[in-house]
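# Understanding the architecture of this molecule
Okay, here's what each chain looks like letter by letter:
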Amino acid sequence: ANMGAFAFGTVISWSAVGFPRLEEDTEFGDYSQEDLSWMSSSATLGACISCIPSGIFVDRFGRKKAMLFLTIPFLTGWILMYFAQNVWMMIAGRLLTGFGGGGYSLAAPVYVAETSESKYRGMFISGFDVLTGIGMLYILICGSYLNWKNQVLVCAFVPLVTFVLALLVPESPRYLLSKGFQTEGIKSLCWLRGTKDSQQIKAELFELMQNVEENRAEPLDVRIRELKNPAVLRAAILGLFLFVFQVMTGITAVLFYTVYIFKSAGADVDEYTSAIIIGAVGVVSLNV
């Protein structure tokens with residue numbers, strides 16, 4: 001499931017190495033700095049747009065189906081970019097890859113949280129951020145040696161692998177049980193725990209079913225009222241401000257224009273090497 005994070009990481013950092021290589025292509029046509037900014041930022045716009053529909057899709061049709069579906073805009077976007085003859089095709093491609101990545105940012109953590117054992121859950125969920133960083137580093141390295149079209153190809157390969165891997169795993173047992181598919185839910189949990197004997201997962205299954213029933217019996221207005229709890233409200237506000245401050249540092253702009261930034265800085269180290277160092281530091285910090 002977290003391979004979708006790898007794919008999203010390539011979307012984030014493709015512009016850092018893709019646009020400098022695009023400038024070397026005399027066949028693409030003319031574009032302005034404003035066009036460049038739209039081609040870059042359209043990926044984040046697509047990610048924003050995908051949040052609400054992806055959330056509805058995940059809840060209505062399942063986590064696995066959502067992940068499979070989201071590989072379609074990923075691949076379509078990269079294909080559009082590969083055959084792009086003008087700025088609008090590039091913007092549309094970036095928008096679609098951003099849509100896929102943003103939706104996956106919602107679907108994959110939910111799937112991982114619902115399928116992993118409680119003692120490993122935190123580690124597996126954090127894997128989403130780690131693989132996002134690895135995806136960014138992957139395209140920064142590839143982009144140092146490939147032209148922009150070949151960069152697109154190596155990026156398009158990732159969601160294809162993600163799709164194949166998603167086919168091999170079962171639907172979330174929690175989702176299946178919440179929709180009344182008890183037999184399928186038990187089979188899914190058995191597969192995930194590496195056993196064919198449901199007695200070996202009896203305790204976890206009972207706890208899961210009990211939790212599903214409690215959530216089903218609890219009205220929505222009761223859950224909304226829980227947000228008024230001072231402890232919950234305080235934690236929510238702090239978490240929200242952490243996200244806001246992270247974005248306001250300008251980290252996204254740095255990730256989107258890393259090569260340009262180092263090139264304009266006139267550093268002694270090659271701008272592509274500098275970009276790879278930035279990506280590597282990000283991966284190391286996420287693992288630490």
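All values derive from a computational prediction rather than experimental measurement.

## Regarding helix 6 (residues 148–168)
Counting along an α-helix, one turn takes 3.6 residues, and residues three or four places apart therefore face a common direction. A rise of 1.5 Å per residue sets the reference length of helix 6, with its 21 residues, at 30 Å; its end C-alpha atoms lie 32 Å apart and thus fit the reference within 8%. Within the span of helix 6, buried status applies to Trp148, Gln151, Val152, Val154, Cys155, Ala156, Val158, Pro159, Thr162 and Ala166. On the buried face of helix 6, the contacting elements are helix 1 (3–22), helix 3 (63–82), helix 4 (87–115) and helix 5 (121–143). If you check the start of helix 6, you find a side-chain oxygen 3.2 Å away from the backbone N of Lys149, and it comes from Asn147.

## Comments concerning the UniProt feature "transmembrane region" (unreviewed entry) in the chain
Mapped onto the present numbering, the UniProt feature "transmembrane region" (unreviewed entry) falls on residues 66–85, 91–112, 124–146, 152–169 and 235–262. Taken end to end, residues 124–146 is 87% helix and 0% strand, and its two terminal C-alpha atoms sit 32 Å from one another. In the segment residues 235–262, helix accounts for 89% and strand for 0%; the C-alpha atoms at its two ends are 38 Å apart.

## Some remarks on the environment of Met136
Position of Met136 relative to the elements: it lies in helix 5. The exposure class of Met136 is buried, given its relative accessible area of 12%. For the pair formed by Met136 and Ser274, sequence separation is 138 residues and the distance between their alpha carbons is 14 Å. Here Met136 is in contact with Gly9, Thr10, Ile12, Ser13 and Leu255, once residues within four sequence places are set aside.

## Considerations on the packing of helix 4 against helix 5
Each packed pair of helices is defined by two parameters, the angle between the axes and the distance between the axes. Two elements in contact, helix 4 and helix 5, have axes whose closest approach is 9 Å; the angle formed by their N-to-C orientations is 160°. By the angle class used here, helix 4 and helix 5 are roughly antiparallel. Where helix 4 crosses over helix 5, the two elements pack in a sense that is right-handed. Side by side, helix 4 and helix 5 meet where Tyr104, Ser105, Ala108, Pro109, Val112 and Ala113 of the first sit next to Arg121, Phe124, Ile125 and Phe128 of the second. The class makeup of the residues in the contact of helix 4 with helix 5 is 8 nonpolar, 1 polar and 1 charged.

## Looking at the layout of surface pockets
Computed from the structure, the largest pocket encloses a volume of approximately 1,200 Å³. Looking at the largest pocket, it is lined by 35 residues, and the ones nearest its centre are Phe8, Ile12, Asp129, Thr132 and Gln246. Looking at the lining of the largest pocket, the elements that each hand over two or more residues are helix 1, helix 2 (33–61), helix 4, helix 5, helix 11 (230–248), helix 12 (251–256) and helix 14 (271–287). When residues in the lining of the largest pocket are grouped by element, the largest group, 7 residues, is from helix 5. In the lining of the largest pocket, the residues fall into 22 nonpolar, 12 polar and 1 charged. Approximately 330 Å³ is the volume found for the second largest pocket. Around the second largest pocket sit 14 residues that line it, and Ser118, Arg121, Glu204, Glu207 and Leu208 are the ones nearest its centre. Secondary-structure elements contributing two or more residues to the lining of the second largest pocket are helix 4 and helix 9 (202–217).

## Let's talk about the side chain of Ser13
In this structure, Ser13 sits in helix 1. If near-sequence neighbours (up to four positions away) are discounted, Ser13 is found in contact with Met136, Ile139, Leu140 and Leu255.

Calculation notes
- As a convention, each chain's residues are numbered from 1 in the sequence order in which they are written.
- The predicted origin of the model limits local features to residues at a pLDDT of at least 70 and limits the giving and counting of side-chain atom pairs to 80 or more, whereas totals for whole chains, interfaces and linings rest on all residues.
- Excluded from the side-chain calculation are hydrogens and water; included are all heavy atoms of the structure.
- Note on conventions: DSSP H or I runs of at least 4 residues are helices, E runs of at least 2 residues are strands, and numbering of each starts at the N terminus.
- How far a helix is expected to stretch is found by multiplying one less than its residue total by 1.5 Å.
- Type-normalised accessible area, obtained with a 1.4 Å probe on protein chains alone, sets the label of each residue: buried when under 20%, exposed when over 50%, and partly exposed for intermediate values.
- Between two residues, a contact is recorded if the distance between any of their heavy atoms is within 4.5 Å.
- Any pair of N or O atoms that falls within 3.5 Å is considered a polar contact. Within protein, one atom must be able to donate a hydrogen and the other to accept it, and sequence-neighbouring residues count only if both atoms are side-chain atoms.
- UniProt positions are given in the numbering used here, feature names are shortened, and annotations may be inferred rather than shown by experiment.
- Axis geometry follows a simple rule: fit a line to the C-alpha atoms, using only the stretch in contact for helices, then measure angles between N-to-C directions, giving values from 0 to 180 degrees.
- In this scheme, roughly parallel covers angles under 35 degrees and roughly antiparallel covers those over 145, while 65 to 115 is roughly perpendicular and the rest are oblique.
- Here a crossing is taken to be left-handed if its near helix is turned anticlockwise relative to the far helix by less than a right angle, and right-handed if that turn runs clockwise.
- Put simply, Ala, Val, Leu, Ile, Met, Phe, Trp, Tyr, Cys and Pro go in the nonpolar bin, Asp, Glu, Lys and Arg in the charged bin, and everything else, Gly too, in the polar bin.
- Using protein atoms alone on a 1 Å grid, points that fit a 1.4 Å probe yet trap it form a cavity, whereas open point sets bounded by protein on both sides within 12 Å along at least five of seven lines form a pocket; residues with an atom within 4 Å of a point count as lining.
- Grid points are joined across faces, edges and corners, and a volume is the space filled by probe spheres set on the points.

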